[in-house]
Amino acid sequence: MLFNSYSFIFLFLPVGLAGYFALGRGGNLAPVLWLALASLAFYAFGNWQYVPLLLASIAFNYGIGYLLVERKLRPKVRFAVLTAGVAGDLLVLGVFKYAGFLVANFNAVFSTGFVVHILLPVGISFYTFTQIAFLVDAYRGQVARYAVPHYALFVTYFPHLIAGPILHHRDMIPQFERTEAKRPDPHLILCGLIIFAIGLFKKTCLADGIQPLVGPVFGPGSPTFDQAWIGALAYTFQLYFDFSGYSDMAIGISLMFGIFLPLNFNSPYKATSIIDFWRCWHMTLSQFLRDYLYIPLGGNRRGPVWRYVNLVITMLLGGLWHGAAWTFVVWGALHGAYLCINHAWNRFGPDVAPRLRPAATFAGAMLTFLSVVVAWVFFRADDIDSAIYVLVRMADPTRLALGRVEIVNLAFIACYAALAWFAPNTQTIMGYDHARRTVGDSLAQARLRPWFLYATAAVLAFGILGIQQHSEFIYFRF
């Protein structure tokens with residue numbers, strides 16, 4: 001089920017909220033069970049054949065977690081249990097996500113004709129990473145005992161299940177256990193509705209609105225210099241508003257249930273370095289890769305050389321996490337190289353004189369943005385040859401169209417760039433503070449000025465009117 005669908009907005013969400021708060025009057029467990037069942041129904045709406053796989057994954061990981069948390073096992077046995085748990089998760093992920101990719105490469109190398117056709121279960125990357133973090137923390141002794149319904153809800157919680165953010169058990173399960181969250185809070189519901197409206201507008205009006213400029217450039221055509229740049233920039237902003245819109249909607253929906261989700265998006269195109277970019281783009285994935293891959297690999301503890309090696313390995317695997325294709329491997333390798341160059345510059349580069357810092361900051365922001373755009377070409381292209389073809393066109397100013405259509409499209413893209421670079425993001429507008437569990441304090445103090453509510457109503461109306469027949473979020477594919 002899509003957040004940007006009439007069935008979700010006018011049926012699933014109202015029924016889910018009504019049942020949750022109605023059951024909340026009678027106790028703490030019933031609303032948790034209701035929300036877990038509602039999340040399974042949400043998942044089953046378009047992926048019913050994979051519900052058994054999701055339930056099996058929950059049972060398997062909870063069982064492994066039980067052994068690590070409750071049983072007093074010897075150290076070697078504990079490590080063996082953790083290894084079995086993580087290996088089991090990765091095996092399932094590998095079969096469903098990477099088997100076809102491996103077989104295709106095997107066929108290419110050995111000229112064989114094996115055929116593997118396995119559909120990718122939606123959300124499997126997100127709920128697998130979520131549970132691997134749980135197992136590793138259980139092994140480290142950082143997990144308290146959790147009841148089965150709360151654990152099941154932690155994994156299946158529908159605002160995050162399909163496309164993130166990647167949740168952490170220490171953040172989410174205590175919130176599910178709070179009795180206060182089972183009572184309707186008008187302030188949180190209103191703030192959640194406002195954030196949801198902003199996210200819906202970003203998705204249906206901005207991301208879907210610019211999507212038609214992308215296809216022709218990455219298709220079989222022969223774009224000119226300006227057309228190639230228009231297509232690459234259009235995809236850059238389509239992905240930005242698509243992912244930002246989903247992240248807003250997830251936070252808004254969850255707020256209506258009284259649950260604060262972690263931020264996953266913080267104006268990444270305003271970043272002045274690639275290190276800064278990865279602190280603002282897909283923030284929960286960056287944290288996961290840092291805590292459960294980069295640091296266990298050794299991080300920077302074995303010297304600068306191994307730091308660069310570990311960075312590249314982490315970003316290569318981060319690229320593969322997004323999809324089983326060589327284009328994602330190249331995308332990850334590019335970002336690994338970017339990060340190495342950025343760290344090397346910070347270590348060996350000259351100090352910038354104070355009077356030159358504004359210019360250096362501006363240059364850093366432009367260089368970061370252009371680097372990200374180049375990498376997005378590989379992220380979007382069907383194969384490496386197509387990506388290189390688009391990049392070659394982007395580097396060849398001798399082939400120029402620049403007709404009326406191109407000028408209009410460039411003006412269109414300039415509007416998107418202005419929004420991404422100069423407009424405040426949703427959490428700033430709403431005063432969303434995940435750590436302090438606060439939102440909309442300034443609005444509440446100002447008694448929610450009428451003009452703000454009118455603007456929100458207009459944004460919501462445009463967002464609903466912009467809903468197309470079927471428009472999936474880009475991150476559904478991962």
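Reading guide: rules and limits
Residues numbered from 1 in each chain as written. Predicted model: local features only at pLDDT ≥ 70, side-chain atom pairs only at ≥ 80, totals over all residues. Heavy atoms only, no water. Phe/Tyr/Trp six-rings, centres within 6.5 Å; stacked < 30°, edge-to-face > 60°. Helix = DSSP H or I, 4+ residues; strand = E, 2+ residues; numbered from the N terminus. Buried < 20%, exposed > 50% of the residue type's maximum accessible area, 1.4 Å probe, protein only. Lys NZ or Arg CZ within 6 Å of the ring centre and 35° of its normal. Contact = heavy atoms within 4.5 Å. Core = buried A, V, L, I, M, F, W, Y, C linked by side-chain atoms within 4.5 Å. Expected span 1.5 Å × (residues − 1). Patch = residues over 30% accessible without salt bridge, like charges linked within 9 Å, V, L, I, M, F, W, Y side chains within 5 Å. Areas by Shrake-Rupley, 256 points an atom, 1.4 Å probe, with all protein chains shown as cover. Salt bridge = Lys/Arg side-chain N within 4 Å of Asp/Glu carboxyl O. 1 Å grid on protein atoms, 1.4 Å probe; cavity = no way out; pocket = protein on both sides within 12 Å on 5 of 7 lines; lining within 4 Å. Points joined across faces, edges and corners; volume = space filled by probe spheres on them. Nonpolar A, V, L, I, M, F, W, Y, C, P; charged D, E, K, R; others polar.

A. Representation of the packing of aromatic side chains within the structure. The full count for this structure, using the stated rule, is 51 aromatic pairs. Measuring from ring centre to ring centre gives 6.0 Å for F8 and F42, while their planes differ by 70°; the resulting arrangement is edge-to-face. Residue F8 is located in helix α1 (residues 6-24), and its partner F42 is located in helix α2 (residues 29-47); the two are separated by 34 residues in the primary sequence. The class for F42 is buried, based on a relative accessible area of 1%. Ring geometry for Y269 against W281: centres 6.4 Å apart, planes inclined by 10°, an arrangement best described as stacked. Highlighted residues: Y269 in the loop between α11 (225-256) and α12 (274-280) and W281 in the loop between α12 and α13 (283-297), separated in sequence by 12 residues. Of the two residues, Y269 and W281, neither departs from the other in class, the shared state being buried. The residue whose ring lies beneath K97 is W321, and the NZ or CZ to ring-centre distance is 5.4 Å. The aromatic ring of W306 is capped on one face by R302, whose charged end is 4.2 Å from the ring centroid.

B. Broad picture of unusual backbone geometry. Even without being a glycine, S267 presents a positive backbone phi close to 50°. Within the secondary structure, S267 sits in the loop between α11 and α12. For S267, a relative accessible area of 7% puts it in the buried group. Look at R437: it is not a glycine, yet its phi comes out positive at around 60°. One can find R437 in the loop between α19 (426-430) and α20 (441-445).

C. Geometry of the environment of E472. Checked against the element boundaries, E472 lands in the segment after α21 (450-465). Excluding residues within four positions of it along the chain, E472 makes contact with L2, K203 and D242.

D. Structural context of the nonpolar core. Residues F3 and F8 are the most contacted members of the largest nonpolar core, which totals 145 residues. Among the elements that line this core, the one with the most residues is α11, at 18 residues. Beyond its immediate sequence surroundings of up to four residues, F8 is in contact with M1, L2, F3, L13, P14, F42, F158, F196 and I253.

E. Local environment of helix α14 (residues 304-322). Along its 19 residues, α14 runs 27 Å from first to last C-alpha, staying within 8% of the 27 Å computed at 1.5 Å per residue. Tucked into the core, α14 has its buried residues touching α4 (75-110), α5 (124-139), α12, α13, α15 (326-348) and α16 (357-380).

F. Inspection of a nonpolar patch on the surface at higher detail. Residues V305, W306, V309, I313 and L317 make up a contiguous nonpolar surface patch of about 420 Å² in total accessible area. Turning to its location among the elements, V309 is positioned in helix α14. For V309, a relative accessible area of 32% puts it in the partly exposed group.

G. α11, seen in detail. For α11, which comprises 32 residues, the first-to-last C-alpha distance of 47 Å matches the rise-based estimate of 46 Å (1.5 Å per residue) to within 8%. Buried residues dominate α11, accounting for 29 of its 32 residues. Once α11 finishes, G258 follows within two positions and takes phi at roughly 80°, a positive value.

H. Region of interest: empty space enclosed by the protein. Applying the stated rule across the entire model yields 1 cavity of 30 Å³ or more. Each pocket or cavity is described by its volume, and for the largest cavity that value is around 30 Å³. Lining the largest cavity are I195, D248, I251, L263, T426, Q427 and Y432. Split by residue class, the lining of the largest cavity holds 4 nonpolar, 2 polar and 1 charged.

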